[in-house]
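Listed below, chain by chain, are the residues.
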Amino acid sequence: MTATDPAMTALADSWCALSVLHGRIETHIERALQAGHGLSVREYSLLDVLSRQHDGEGGHLQMKQVADAVVLSQSATTRLVTRLEERGLLARYLCPTDRRGIYTDVSQAGLELLAAARPTNAAALREALDQAATEPQLAPLVRAVEETRSGDRRPLVG
C-alpha cells in the first residue's frame, strides 16, 4: 500500500471525519458546561466517572482507571483531582484495607453540581450530534454513535 492508495486515502478521510466530529462535540459541550456551570468537559467527565463508584467489589477506581476513563495521563488526572478537591467538589481518603491506596469520592457539592450539569451536557451533546448529522461526511458517524450504545447503558470504565 502507498499513501496514494485509494483504500489508504479513504481510511485517512474517515479518520479525519471522526476527529472533526469529536472536536465539534467536545467544543460544543465545553462551551455549554463552562457557561452554565463553570465546568470543563474533563472536570465534568471526572465527576461523572467518580460518581459511579460503589462500595461493592471493584467499586472504587484506582487513579489509572480514572485516568483511562477521562482520557488523560495519570499525572494530568491527579492535577485535575487536586483542582476539583480545592473547589470542594471531591474528597480523598485512605483505602480502609490498604493504607497505601488513596481513593477519591465526589463531595455533596460535587454531586449537586454534577446533577445540575447533566442535563446541560446531554442537551449540548444532542445539539452537536444533530448539527453534525446535517453534513454528509459526518452523518454516518453520528448514526454509529447513536447506535453503538443504544442497548448498553453501562459506563465504559472497567
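For the structure, check the block above.
Residues numbered from 1 in each chain as written. Predicted model: local features only at pLDDT ≥ 70, side-chain atom pairs only at ≥ 80, totals over all residues. Heavy atoms only, no water.

Asker: Which residues make up the overall build of the protein, and what values do they have?
Answerer: Each helix and strand counted, the protein has 6 helices and 2 strands in total. Going from N to C terminus, the protein has its helices and strands arranged as α-α-α-α-β-β-α-α. Reported as C-alpha extents along the three principal axes, the dimensions of the protein are approximately 55 × 40 × 30 Å. Contacts spanning at least 24 positions in sequence make up 51% of the contacts within the protein whose residues lie at least 6 apart. Carbon and sulfur atoms make up 56% of the accessible area of the protein, which totals about 9900 Å². If you average the places of the 17 positive and of the 20 negative side-chain charges in the protein, the two averages end up 2 Å apart. (Helix = DSSP H or I, 4+ residues; strand = E, 2+ residues; numbered from the N terminus. Contact = heavy atoms within 4.5 Å. Areas by Shrake-Rupley, 256 points an atom, 1.4 Å probe, with all protein chains shown as cover. Lys, Arg positive; Asp, Glu negative; His and termini not counted. Charge placed at Lys NZ, Arg CZ, Asp CG, Glu CD.)

Asker: If you had to explain the packing of helix 2 (residues 41–51) against helix 3 (residues 63–70) to someone new, which residues and values would you point to?
Answerer: Running from amino to carboxyl end, helix 2 crosses helix 3 at an angle of 130°, the nearest separation of the two axes being 9 Å. Taken together, the axes of helix 2 and helix 3 are oblique relative to one another. Once helix 2 is placed against helix 3, the crossing between them reads as right-handed. Judged by residue contacts, Arg 42, Ser 45, Leu 46, Val 49 and Leu 50 of helix 2 engage Val 66, Ala 69 and Val 70 from helix 3. (Axes fitted to C-alpha atoms, helices over the stretch in contact; angles between N-to-C directions. Parallel < 35°, antiparallel > 145°, perpendicular 65-115°, else oblique. Left-handed = near helix turned anticlockwise from the far one by under 90°.)

Asker: If you had to explain the pattern of salt bridges to someone new, which residues and values would you point to?
Answerer: Enumeration over the complete set of coordinates arrives at 9 salt bridges. Among the salt bridges present, the one from Asp 48 reaches Arg 52, with a minimum N-O distance of 3.0 Å. Overlapping salt bridges bring together Asp 48, Arg 52 and Arg 118 as one network. (Salt bridge = Lys/Arg side-chain N within 4 Å of Asp/Glu carboxyl O.)

Asker: Pulling in residues and values, what's your account of helix 1 (residues 6–37)?
Answerer: Helix length check: helix 1 (32 residues) gives 46 Å between terminal C-alpha atoms against 46 Å at 1.5 Å per residue, within 8%. Residues Ala 17, Leu 21, Ile 25, His 28, Ile 29, Leu 33 and His 37 constitute the buried set of helix 1. Buried-residue contacts for helix 1 involve helix 2, helix 5 (108–133) and helix 6 (139–148). (Expected span 1.5 Å × (residues − 1). Buried < 20%, exposed > 50% of the residue type's maximum accessible area, 1.4 Å probe, protein only.)

Asker: Provide a residue-level description of helix 4 (residues 74–86), including the pertinent values.
Answerer: Between the first and last C-alpha of helix 4 there are 18 Å, a value that for 13 residues agrees with the 18 Å anticipated at 1.5 Å per step. Buried residues of helix 4: Ala 76, Thr 77, Leu 80, Val 81 and Leu 84, and no others. With its buried residues spanning 140° around the axis, helix 4 presents them on a single face. Contacts made by the buried residues of helix 4 are with helix 2, helix 3, strand 1 (90–94) and strand 2 (102–106). (Arc of directions from axis to C-beta.)

Asker: Which residues make up the packing of helix 5 against helix 6, and what values go with them?
Answerer: Across the interface, helix 5 lies against helix 6 with an axial gap of 8 Å and an inter-helix angle of 145°. Crossing of helix 5 over helix 6 shows left-handed handedness. Along the contact surface, helix 5 presents Arg 126, Leu 129, Ala 132 and Ala 133, while helix 6 presents Ala 139, Val 142, Val 145 and Glu 146. Of the residues belonging to the contact of helix 5 with helix 6, the class tally is 6 nonpolar, no polar and 2 charged. (Nonpolar A, V, L, I, M, F, W, Y, C, P; charged D, E, K, R; others polar.)

Asker: Just give me the short version of the side chain of His 60, but keep the residues and values in it.
Answerer: Relative to the helices and strands, His 60 is located in the loop between helix 2 and helix 3. Here Tyr 93 takes part through its side chain, which lies 3.1 Å from a polar atom of the side chain of His 60. Among all residues touching His 60, those that are not within four sequence positions of it are Gln 53, His 54, Asp 55, Gln 65, Tyr 93, Tyr 103 and Asp 105. (Polar contact = N/O pair within 3.5 Å; in protein donor to acceptor, adjacent residues only side chain to side chain.)

Asker: Residue-level account of the side chain of Ser 40, with values.
Answerer: Along the chain, Ser 40 falls in the loop between helix 1 and helix 2. Contacts of Ser 40, omitting those with residues within four sequence positions, involve Glu 30, Leu 33 and Gln 34.

Asker: Can you lay out unusual backbone geometry for me, pointing to particular residues and giving the numbers?
Answerer: Even without glycine at this site, Val 71 takes up a positive phi of about 55°. Residue classification places Val 71 among the exposed residues on the basis of a relative accessible area of 60%.

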